[in-house]
Every structure is written in C-alpha cells, then in structure tokens.
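Residue-level structural notes
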Amino acid sequence: EKIFAGKVLRLHVCTMEGAEWLEEVPEDTTVEKLKERCLKHCVPGSLEDPKTVTHHKLIHATSEKVLTDTKTVLEENIQDRDVLLLIKKRAPPPLPKMTDVSAEEKRKQEQKAPDKDAILKATANLPSRNVDRTVAHHNMRDFQTELRKILVSLIEVAQKLLALNPDAVELFKKANAMLDEDEEDRVDEIALRQLTEMGFPEGRAVKALRLNHMSVTQAMEWLIEHADDPAVDAPLPGQTRSEAPAEAAASCAEAAAGTSSGAGGEEARDELTEIFKKIRRKREFRPDPRAVIALMEMGFDEKEVVDALRVNNNQQNAACEWLLGDRKPSPEDLDKGIDTNSPLFQAILENPVVQLGLTNPKTLLAFEDMLENPLNSTQWMNDPETGPVMLQISRIFQTLNRT
C-alpha cells in the first residue's frame, strides 16, 4: 500500500480569523474531504451540522480560484507547499417581507411616468403653441413625394409657355447654351486639380467627378477600379454636345417656319417639346455608385437597385426599405404629374414669382435637373434666378397643408 500510495502534499491553510496550520493529504483526496479536515482543525464540533461544509469554501491563494468540492487535489493542480484559504461563504440576503414588497411596489408606481391618456387629460385645457414634430416630419416627407409630381406638371407648363413665345428659337438657344455652360461649371476645379496631380488624365478625372458628385475620394476609387476598363474614356451623355446643337438648330428652323398659321403653331410647339425632351435626355439619372454596390451585395438585381435609388432620391436606406417593402411608388409613377385642377397646383400657377420664373429657360433646366438628379436640388435652391421659385412652391405647399 505504501509503494502504490499517491503522493502526499503538505498544504499551508489559513483562515480569515488568522489561524494557520499544515495539512498533509494524498493528491487523490477530494476538496470536500480536505475541507472537512480543515473544519475539524479550526472549528471543533462544526461537522455536527452537515451544512457547515457547504457553507465554507477553499480558495487557492496564488490563482485566487475557488476549488470545486467534487474534484481531487490533483485535478485542481494543487502543488506541494501551496497556500489555501478557508473562508465562510456569505449568507444570501433574506427575502423581503410582504410589507417591504408592498412598500417597494408603491414607490415604483409613484416614480412611474404617466401614460398617454393621463398626459392628454392633464393637458386638455392648455393652449396649443408648438407644432407637432411628427406632423412636421410627415409634411416634409409629403412635400418630397409631391415635389416630383409638381415638377413634372410645371415642366409641361413651362414648355408650352416657351413654345408660345415668338422668340422661342432664341430662348431655346439660350437654354441650350445654359445647359452646356452648366455642365462645364459642374466640375470642381480644386477637386480636378487634386486628381490630375495624382497622375490621372484630366478628361478621365472630369468624368469620375461628375459620376461621383464631385467627391474626390469616390472619384479616385472609381478611377482605380476602372483603370483597365476599355470604356473608361467614353464620354458621358452630357459631354457629347456636337450633335445636339445641330439637331436643335434644324428643329428650331422648322419651328420658326411653322409659326405663321394655327396648324403650324401646333407643329412648332410639338417640335419644341421634342427639343426639350432631348435636353432632358442629357440629364440622365446617375445612381450613387456606392449605394448600388451596397444594395447589390444584399442580393438585389442591378436594375431594381437603380429603380429603387431613382424613386428614393439616391438615398440608400430609403431605397433598401423600398426594395424590401411594397415598392410604392413604382418607377412608372415618377413620370406622372400632379392633378392640374387641384387647389395646390392652381395656387402655385397663380403665384406671380412662379409665373415669371416659368418664362425663364433656366427655371425649366432647373426643374429637369432636379427631376433626374434630386441631389442637385440644393444648387438650384441657392441660385438667384431659380431659388425664389422653389421657395414659393415650398411655402404654398406648407400653407395649404396646414389648412
């Protein structure tokens, strides 16, 4: 038995009261047995109550680990001359009395916030001074939804007014020149210089900036991604202007030739409408490349992603909700105008600032641009010629929504 007996360990045991002694135990001794031997040593007669063992714990002083009763000294990796602490466990807090529970519940009820009915009852007689934020947010969302319909209908009105003008040809030439000039001004010279200094060709850098809304970082990423693309230097629709002026001149000549009679006037207006459609095609919607990639990575098809961004003004989160929801309004609904007999549209047309603005070809260009590229709305709101028109449209909408 002595030959095959386990190794005997000499352990130094301490208590919180300051008692210290050595315990010699085989390494196959369980922690529970060791605890019993320690209690016999320091608390005589304590084992008469079986709960005494469970109310104490042994802690390895070096690792600060609480030893498990069912494991052996060897399993707990205790070495010779290790120090163990014998500590009485803290007694669990007593359960609260029923009177204490009632008092606590009463205190919680007193601190509880009033519900909606209580608030309405308490404030029923107070005068209303502040506009409900929820209503204001709802009105803003309604305005963004209705603005596109308003612009579609106002574009039709502006085209008819310009077609009726005897100087329609000259006005169109001016509008087309503004369009070309605006395309040139769209390039941020500082951003362009930053890209060219990095070594990118100027023409390619211009294209990247236009595609990425003048963001240098996004344009640089686009240039790097498309460095090996054969079509990277292909011009954008707005950059190919050589054919448009010629087509415009021919159409304008036909329009001028037909202004002498009633039928000829109708034909001239139709021709001018076609001309403005060509202008509109120069302003094709450009989806945010980052939003397209992010939504396509979620598993959506590229076409439906572009539709979602077009419907939701290039806002990625709103486009995602549209894709996951009932997809209303549909892309086809974007070309529908507002009811021309509605009080809102009549009030807009009766406004003198709007009436004067509709005779300005730059206003028509602003409407067309905002229709296809909503991110450019801020640019036109700050423009001295088109800004007052947009401000009046917004004010009329808000005024009629409050009544």
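What you see is a predicted model, and the numbers here were worked out from it, not measured in a lab.

Here we look at the pairing of strand β2 (residues 20–26)
Regular strands have side chains that alternate between both faces of the sheet. Where burial is concerned, the two faces of β2 differ: the one with Trp-21, Glu-23 and Val-25 is buried and the one with Glu-20, Leu-22, Glu-24 and Pro-26 is not. In this sheet, β2 lies alongside strand β1 (residues 8–15) in antiparallel orientation, the contact comprising seven bridges. In the sheet register, Leu-9 faces β2, and the bridge partner there is Val-25. Hairpin geometry of β1 and β2 is characterised by an intervening segment of four residues between the two adjacent antiparallel strands and by a positive phi of about 105° at Gly-18.

Considerations on the packing of helix α12 (residues 289–296) against helix α14 (residues 316–324)
Packed helices, taken two at a time, are described by the angle between their axes plus the distance between the axes. Between α12 and α14, the shortest axis-to-axis distance is 10 Å and the interhelical angle comes to 35°. Judged by the sense of rotation from one axis to the other, the crossing of α12 with α14 is right-handed. When α12 is examined against α14, the residues Ala-291, Ala-294 and Leu-295 are found in contact with a partner set consisting of Gln-316, Ala-319, Cys-320 and Leu-323. Residues that form the contact of α12 with α14 fall into these classes: six nonpolar, one polar and no charged.

Considerations on the sheet that holds strand β5 (residues 83–88)
If you trace the five strands from one edge of the open sheet to the other, you get β2-β1-β5-β3-β4, paired in mixed fashion. The sheet is open, and its two borders are formed by β2 and β4 (65–66), each paired with just one other strand. Pairing of strand β3 (residues 56–60) with β5, which is carried by five bridges, proceeds in the antiparallel orientation. From the neighbouring strand, Lys-57 faces β5, where its bridge partner is Ile-87. Together, β1, β2, β3 and β5 form the strand contacts of helix α1 (residues 31–42), whose direction differs from that of β2 by roughly 145°.

Observations concerning the packing of helix α13 (residues 302–311) against α14
At their nearest, the axes of α13 and α14 sit 8 Å apart, and the two run at 120° to each other. Judged on the interaxial angle alone, α14 and α13 are oblique. Along this stretch, α13 crosses α14, giving a crossing that reads as right-handed. Counted together, Glu-304, Val-305, Asp-307, Ala-308, Leu-309 and Val-311 of α13 and Gln-316, Ala-319, Trp-322 and Leu-323 of α14 form the full contact between these two elements.

A short note on the pairing of β3
Extensive coverage of β3 is indicated by the burial of four of its five residues. Pairing geometry for β3 and β4, over two bridges, is antiparallel. Its bridge partner lying in β4, His-60 is registered against Lys-65. Hairpin connection of β3 to β4: four residues between the antiparallel strands, including Glu-64 at a positive phi of 60°.

Comments concerning helix α15 (residues 343–350)
Taken as a whole, α15 has its buried residues at Leu-344, Phe-345 and Ile-348. The arc that holds every buried residue of α15, seen down its axis, measures 95°, which confines them to one face. Exposed residues pointing more than 90 degrees away from the buried face of α15 are listed as Pro-343 and Glu-350.

Considering the pattern of salt bridges
Considering all chains together, one arrives at 10 salt bridges under this definition. In this structure, Lys-65 and Glu-76 form a salt bridge, with 2.8 Å as the shortest nitrogen-oxygen distance. Within this pair, whereas Lys-65 is found in strand β4, its partner Glu-76 is found in the loop between β4 and β5, the two being separated by 11 residues in sequence. On the accessibility criterion, Lys-65 (37% relative accessible area) is partly exposed. Using a relative accessible area of 6% as the deciding quantity, one classes Glu-76 as buried.

A closer look at the nonpolar core
Counting 25 residues, the largest nonpolar core has Ile-150, Leu-154, Leu-344, Ile-348, Phe-367, Met-370 and Ile-393 as its most contacted members. When contributions to this core are tallied by element, the ones reaching two or more residues are α5 (133–164), α15, α16 (352–358), α17 (361–372) and α19 (387–402). Per-element tally for this core: the top contributor is α5, with eight residues. Other than its neighbours up to four places away in sequence, Ile-348 contacts Ile-150, Leu-154, Val-354, Ile-393 and Ile-396. Formed by 16 residues, the second largest nonpolar core is a distinct cluster that contains Val-13, Val-25, Cys-38 and Val-73.

Quick notes on the side chain of His-56
The topology assignment puts His-56 in strand β3. Under the relative-accessibility criterion, His-56 is labelled buried at 11%. Among residues more than four places away in sequence, those in contact with His-56 are Lys-35, Leu-39, Leu-86, Ile-87, Lys-88 and Lys-89.

Description of the confidence of the model for the protein
For the protein, the mean per-residue pLDDT works out to 75, and 69% of the residues sit at or above 70. Across residues 131–141, where pLDDT falls below 50, the model places four contacts with residues more than four positions away in sequence or in other chains. Taken together, the stretch residues 237–263 has pLDDT below 50 and engages in 28 contacts with residues farther than four places along the chain or on a different chain.

Remarks on the environment of Glu-36
Along the chain, Glu-36 falls in helix α1. Residues Glu-36 and Thr-52 lie 16 residues apart in sequence; the distance between their C-alpha atoms is 9.0 Å.

Re unusual backbone geometry
Unlike most non-glycine residues, Glu-64 shows phi in positive territory, near 60°. Locating Glu-64 in the fold gives a position in the loop between β3 and β4. Looking at Glu-64, the relative accessible area reads 67%, which means it is exposed. Even without being glycine, Arg-81 reaches a positive phi, approximately 70°. Note on placement: Arg-81 falls in the loop between β4 and β5.

Here is what the cut-offs are and how they apply
Residues numbered from 1 in each chain as written. Predicted model: local features only at pLDDT ≥ 70, side-chain atom pairs only at ≥ 80, totals over all residues. Heavy atoms only, no water. Buried < 20%, exposed > 50% of the residue type's maximum accessible area, 1.4 Å probe, protein only. Helix = DSSP H or I, 4+ residues; strand = E, 2+ residues; numbered from the N terminus. Pairing = 2+ DSSP bridges. Axes fitted to C-alpha atoms, helices over the stretch in contact; angles between N-to-C directions. Left-handed = near helix turned anticlockwise from the far one by under 90°. Contact = heavy atoms within 4.5 Å. Nonpolar A, V, L, I, M, F, W, Y, C, P; charged D, E, K, R; others polar. Parallel < 35°, antiparallel > 145°, perpendicular 65-115°, else oblique. Arc of directions from axis to C-beta. Salt bridge = Lys/Arg side-chain N within 4 Å of Asp/Glu carboxyl O. Core = buried A, V, L, I, M, F, W, Y, C linked by side-chain atoms within 4.5 Å. pLDDT = per-residue confidence, 0-100.

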